Amino acid sequence: MAIDRVRRLWHNGVPLVCACFCEESMGAIKTVRDRCRKCYACVRNCPVKAIKVNAGYAAVIDERCIGCGKCLRVCSQRAKTIADSREETLQMLRSADDVVAVLGCSFPAFYHDVRPGQLVTGLRRLGFCEVHEGSSGVELIRSEYARLIARPPVTPLISTHCPTIVDLIERHYPHLLRNLMGVISPMLAIGRFIKGVRGKKTRVVYVSSCIAGKFEIAAEAVSGAIDVVLTYQELSVMLKQEGVDLSRLSEAPFDGIPPKEGRLFAVSGGAFHSFGVQKEFVDPEFISTEGEESALEVVKDLAAGRISPRIVDIRFCSGGCIGGPGKNNRLTSFSKRNHIHRYSLSDEIPYQTSAHYLEKVAPPELQRRFSNKHRHLELPSGESIRKILQATNKFVERDELDCGACGYDTCREYAVAVYQGLAEGEMCLPYSLKRLEEDRVSLAQKYELAQRALEQEYGDSEIIGEDPRTLGVLQLIQQVGPTPTTVLIRGESGTGKELTARAIHRHSHRAEKPLVTVNCTTITDSLLESELFGHKRGAFTGAHSDKKGLFEAASGGTIFLDEIGDITPKLQAELLRVIDNGEVRPVGGNGAVRVDVRLIAATNKDLEAGVREGWFREDLFYRLNVFTITMPPLRSRVESLDALVASFVARASRRLNKNLSGIEERALAAMRSYRWPGNIRELQNVIERAAVLTPDHVIHLENLPVVFSELALVTEGGVAEKGETGLRGQREKHVGQVERGLVVHYLRESRGNVSEAARRAQIPRRTFYRMLQRYGLRGKDFAGEGPR
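The structure presented is a predicted model; accordingly, all values stated were derived computationally and were not measured. (Residues numbered from 1 in each chain as written. Predicted model: local features only at pLDDT ≥ 70, side-chain atom pairs only at ≥ 80, totals over all residues. Heavy atoms only, no water.)

Q: Got a minute to help me understand helix α20 (residues 525-533) in this structure?
A: Since there are 3.6 residues in each turn of an α-helix, residues three or four apart along the chain are aligned in direction. Taken residue by residue, α20 has L528, E529, S530, L532 and F533 as its buried positions. Here the buried face of α20 lies against β13 (515-519), α21 (550-553), β14 (558-562), α22 (569-581) and β15 (583-584). Immediately beyond the C-terminal end of α20, within one or two residues, lies G534, with a positive phi of roughly 80°. (Buried < 20%, exposed > 50% of the residue type's maximum accessible area, 1.4 Å probe, protein only. Helix = DSSP H or I, 4+ residues; strand = E, 2+ residues; numbered from the N terminus. Contact = heavy atoms within 4.5 Å.)

The following block contains the structure:
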């Protein structure tokens, strides 16, 4: 049933498009890819669905396009453009050739605010040698129309002066080709007439509101009757650029032959009036209609054989030939019609027909042939349509909402377009909304999990310490936090510079906004600029789309640049612009983007030396060094070591899901003697490693790296205990400590097996047991442990 429904759509006049068509328009209407936002307005409004949706844009398919210009009018992003004829016209006017201007039949509706003679003068100022009325072309084809109407070779006859209707039939209703009247349009007739009189070297520019006229002269390029079609809007721009104010000009006469009945041709019903067709309003033998909806309905009825008039005059634009891109859009079709009607009754139109048009010349060739430009289509099977519908969550008939948001009237028409490669799954609005909702729920869950992980990682990451230097840092944070001042945090690696930056952000008025952290040493120089400032599509290899930089992502919040001393001079200059102007320029972009970001930077380098040696900009240094916080190394704040150790033990207990009660005093004493070159980061890592290694709930000295055991020996041996004075006492004590360490080592290697440990130590088992008793050790305490 699905395939039958698709076939019914085709026979009812819904045109389907073949997938073999080109991907990008090479004709009159083109797509500016960077502007297209894929809103599908062009798809929804195109009467013949001559749009192919690509990965990043929607392009016009020339083989299907009928030149109605609807996509130009509905594209809010101005992504659809048509070839501008101004430059070509100016080149003609600058050449040695004579250039004649022909004003289309609708010009009184678009230049109603000036007199016709003033418009003629303006065109002469631009360089045109003659100015004609396009209505004269109507007079040229009048007799041919009368002949065909009197003795129609076939009925119904369809008028051919609207190029959009001709293209519609040639490309989508080829079985109506035999019904087209084989007569050229008034535009081509006047062009052939002028060149027949003046010679083929004469250039003819036709000024009109008709976009499809540009297509028509391209199709008739062999005859060369019209060289350029210029829209009223393009002509108005040319006049403005040349400084021509029509309202201030005197009047000049037209040069051609004054028309008699052709001046009403542009309005609805004007064709029958101009061709002398007398008809009653309700006479079914003669049909005159205009506007997209009515035109398509009549063509569909003719194709289906539901009506059989004698002659049909069809205009695609509403109101007749008074649509299209005019000089302005303030006037309605009714007011434009009134202006044309008043003009047709006027007897004050200046004319001075050139002598060469009064001579007897051979009439122009008025015959025209039409060709079948339709492409046969391969319809999808019912199974193919079913799979496409199911891919967009349409499993039963009630799931087919036929909302039209994709641009197609029904979901099945859309499925056919997907099958033929003209549409994509994301075009289905209900499907996309459901996916967005699913993604939103998924992202919300991931965000909650990430928040929990961050809370576990940083939730208790307060700056810990009661020593004077730490208290001084905390006071500076409280002072600078609420201000927008740039902060430079200095100190050795591992002293907690990032933790300080987080504390400043937490105390600021931007605490609810993002804090973006960037480690300048972990990203290559070539990518860091793109990461910080973003890039435009095509800025470099691999830049397939626009990307916002981290400064934009942090807008409204804070950005923390760690290791600022490692960035290149080029990036230093860009960073200086951000600080001075609050603007970032994406890589490959021309415009700047405003950002509101508080900057916090950190470094472990001597920036003053960098300024002296030339690897760090002096002006950037002074911009950063507004408020400096220097982090003390851990060796200078030993008073806070116990509190730090207790905090890290508690954190390790939570992370490892291990119940740790503390750390033995001997281990703490050894830690106090250590220099901590890696500062707090090293302390945290040592504690976590020891928490993993301890077999019970207390971290022992043996769980720490060997350097701490050595420090413990020195510390414990530095002050002689009572009864241990002299060389002998000290030696016995140190030998005992070394011996105990060896016993522990062999027990670990043997995983608590005392017999195996004694064998590895190469001593009797009884001796090994006595050593265990001497040092208070048990083999079972080392069961499950391995060598380290």
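Alright, that's what it looks like, and here's the rest.
Q: Sorry if this is basic, but what is going on with empty space enclosed by the protein here?
A: The method is simple in principle: a probe with the dimensions of a water molecule rolls over the atoms, and the space it marks as empty is what remains. According to the stated counting rule, one finds four cavities of 30 Å³ or more in the structure shown. Forming the walls of the largest cavity are 30 residues, and the residues nearest its centre are H161, P163, S208, C210 and C321. Listing elements by their share of the lining of the largest cavity, those giving two or more residues are α8 (163-172), α9 (186-198), β8 (203-208) and α10 (212-219). It is α10 that contributes the most residues to the lining of the largest cavity, three residues altogether. (1 Å grid on protein atoms, 1.4 Å probe; cavity = no way out; pocket = protein on both sides within 12 Å on 5 of 7 lines; lining within 4 Å. Points joined across faces, edges and corners; volume = space filled by probe spheres on them.)

Q: Explanation requested: the sheet that holds β13 in the structure shown.
A: Each strand in a sheet pairs with another by means of backbone hydrogen bonds, the pair being arranged parallel or else antiparallel. With respect to topology, five strands assemble into an open sheet ordered β13-β14-β17-β12-β18, the strand pairing being parallel. Edge positions in the open sheet fall to β13 and β18 (627-630), since each of these has one partner strand only. The mean inter-strand angle of the sheet, taken between neighbouring strand axes irrespective of direction, is 20°. Pairing of strand β12 (residues 487-490) with strand β17 (residues 598-603) involves four bridges; the strand directions are parallel. Among the inter-strand pairings, R490 is bridged to a residue of β17, identified as T603. In the packing of helix α18 (residues 468-480) onto the sheet, the strands contacted are β12, β17 and β18, and the crossing angle to β18 comes to about 155°. (Pairing = 2+ DSSP bridges. Axes fitted to C-alpha atoms, helices over the stretch in contact; angles between N-to-C directions.)

Q: Can you help me understand the pairing of β17 in this one?
A: The side chains of a regular strand alternate, residue by residue, between the two faces of the sheet. In terms of residue burial, β17 counts as a mostly covered element, since six of its six residues are buried. Across four bridges, the pairing between β14 and β17 is parallel. Bridging across to β17, I559 finds its partner in L599.

Q: I would appreciate a short explanation of the pattern of salt bridges in the present structure.
A: Side chains that carry opposite charge are capable of pairing whenever their charged atoms lie near each other. Throughout the structure, instances matching the rule amount to 45 salt bridges. Residues joined in a network through salt bridges with shared partners are D97, K195, R203 and D227. (Salt bridge = Lys/Arg side-chain N within 4 Å of Asp/Glu carboxyl O.)

Q: Looking at this structure, how should I read the environment of G122?
A: You can see G122 is positioned in helix α6 (residues 116-126). With 54 residues separating them in the primary sequence, G122 and L176 have C-alpha atoms 43 Å apart. Setting aside chain neighbours within four positions, we find G122 in contact with L239, V244, L246 and L249.

Q: Quick question: what am I supposed to make of the sheet that holds strand β9 (residues 228-231) here?
A: As summarised here, the arrangement of the four strands in space is β6-β5-β8-β9, forming an open sheet in which the pairing is parallel. The sheet is open, and its two edges are formed by β6 (130-133) and β9, each paired on a single side. On average, each strand axis in the sheet is tilted by 25° relative to the strand beside it, whichever way the strands run. Examined bridge by bridge, strand β5 (residues 99-103) and β8 share five bridges and lie parallel to one another. Paired with A101 across the bridge in β8 is V205. In the packing of α9 onto the sheet, the strands contacted are β5, β6, β8 and β9, and the crossing angle to β8 comes to about 155°.

Q: Just checking my understanding: could you explain the side chain of E563 for this structure?
A: You can see E563 is positioned in the loop between β14 and α22. Among buried Asp, Glu, Lys and Arg side chains, E563 stands out as unpaired, with K497 the closest opposite charge at 4.7 Å. The contacts of E563, once residues within four sequence positions are left out, are N519, C520, T521, A602, T603 and N604. (Lys, Arg positive; Asp, Glu negative; His and termini not counted.)

Q: I would appreciate a short explanation of the packing of helix α4 (residues 86-94) against helix α11 (residues 232-241) in the present structure.
A: For the pair α4 and α11, interaxial distance at closest approach is 10 Å and the crossing angle is 55°. In terms of orientation, α4 and α11 fall into the oblique class. α4 and α11 meet at a crossing whose hand is right-handed. Contacts between α4 and α11 involve R86, T89, L90 and L93 from the first element and E234, V237, M238 and Q241 from the second. The residue inventory of the contact of α4 with α11, partitioned by class, reads four nonpolar, two polar and two charged. (Parallel < 35°, antiparallel > 145°, perpendicular 65-115°, else oblique. Left-handed = near helix turned anticlockwise from the far one by under 90°. Nonpolar A, V, L, I, M, F, W, Y, C, P; charged D, E, K, R; others polar.)

Q: Just checking my understanding: could you explain helix α16 (residues 411-419) for this structure?
A: Burial analysis of α16 places seven of its nine residues in the buried class, the great majority of the element. Taken together, the buried positions of α16 are C411, R412, E413, Y414, A415, V416 and A417. A positive phi of about 80° marks G421, the residue just after α16.

Q: What exactly am I supposed to notice about the packing of helix α15 (residues 382-391) against α16 here?
A: The angle between the axes and the distance between the axes are what describe a pair of packed helices. In contact at an axis separation of 9 Å, α15 and α16 are set at 100° when each is read in the N-to-C sense. Between α15 and α16, the angle is such that the two are roughly perpendicular. Seen from α15, the contacting residues are S384, I385, I388 and L389; seen from α16, they are C411, R412, A415, V416, V418 and Y419. Of the residues that constitute the contact of α15 with α16, the class distribution is eight nonpolar, one polar and one charged.

Q: Explanation requested: a nonpolar patch on the surface in the structure shown.
A: Taken together, the side chains of L429, L433 and L436 define a hydrophobic patch exposed on the protein surface, amounting to about 290 Å² of accessible area. Considering the arrangement of structural elements, one finds L436 in helix α17 (residues 429-458). (Patch = residues over 30% accessible without salt bridge, like charges linked within 9 Å, V, L, I, M, F, W, Y side chains within 5 Å. Areas by Shrake-Rupley, 256 points an atom, 1.4 Å probe, with all protein chains shown as cover.)

Q: Hey, could you run me through the environment of V204 in this one?
A: For V204, the location among the structural elements is in strand β8. In this structure V204 comes out as buried when scored by relative accessible area, which is 0%. Note: C-alpha distance between V204 and V131 (73 residues apart in sequence) is 9.8 Å. Those residues in contact with V204, other than ones at most four positions away along the chain, are V100, V102, G191, I194, K195, A225, I226, D227 and V228.

Q: Just to check I follow, could you spell out the confidence of the model for the protein chain for this structure?
A: When pLDDT is low, close inspection of the predicted coordinates is not appropriate. Counting all residues, the mean pLDDT for the protein chain is 84, and 90% of those residues have values of 70 or more. Averaged over each element, pLDDT in the protein chain is lowest for helix α1 (residues 2-11) (38) and highest for β5 (96). Ignoring residues within four places in sequence, the model shows residues 1-27, a span with pLDDT below 50, making 68 contacts including any to other chains. In the model, residues 719-724 has pLDDT below 50 throughout and makes five contacts with residues more than four positions away in sequence or in other chains. (pLDDT = per-residue confidence, 0-100.)

Q: So what exactly am I meant to see when it comes to the packing of aromatic side chains here?
A: When we look at a pair of aromatic rings, we describe it by the centre distance and by the angle of the planes. Counted by the stated rule, this structure contains 15 aromatic pairs. Their ring planes at 55° and their centres at 4.9 Å tell us that Y674 and F708 sit as a pair that is tilted. Note that Y674 is positioned in the loop between α26 (665-673) and α27 (679-693) and F708 in helix α28 (residues 706-717), a separation of 34 residues in sequence. One aromatic cluster is present, built from ring pairs that chain together F107, F254, Y343 and Y351. A cation over an aromatic ring shows up here: K49 above the ring of Y408, its NZ or CZ 5.8 Å from the ring centre. Here the guanidinium or amino end of R315 rests over the ring plane of F265, the centre of that ring lying 4.6 Å away. (Phe/Tyr/Trp six-rings, centres within 6.5 Å; stacked < 30°, edge-to-face > 60°. Lys NZ or Arg CZ within 6 Å of the ring centre and 35° of its normal.)

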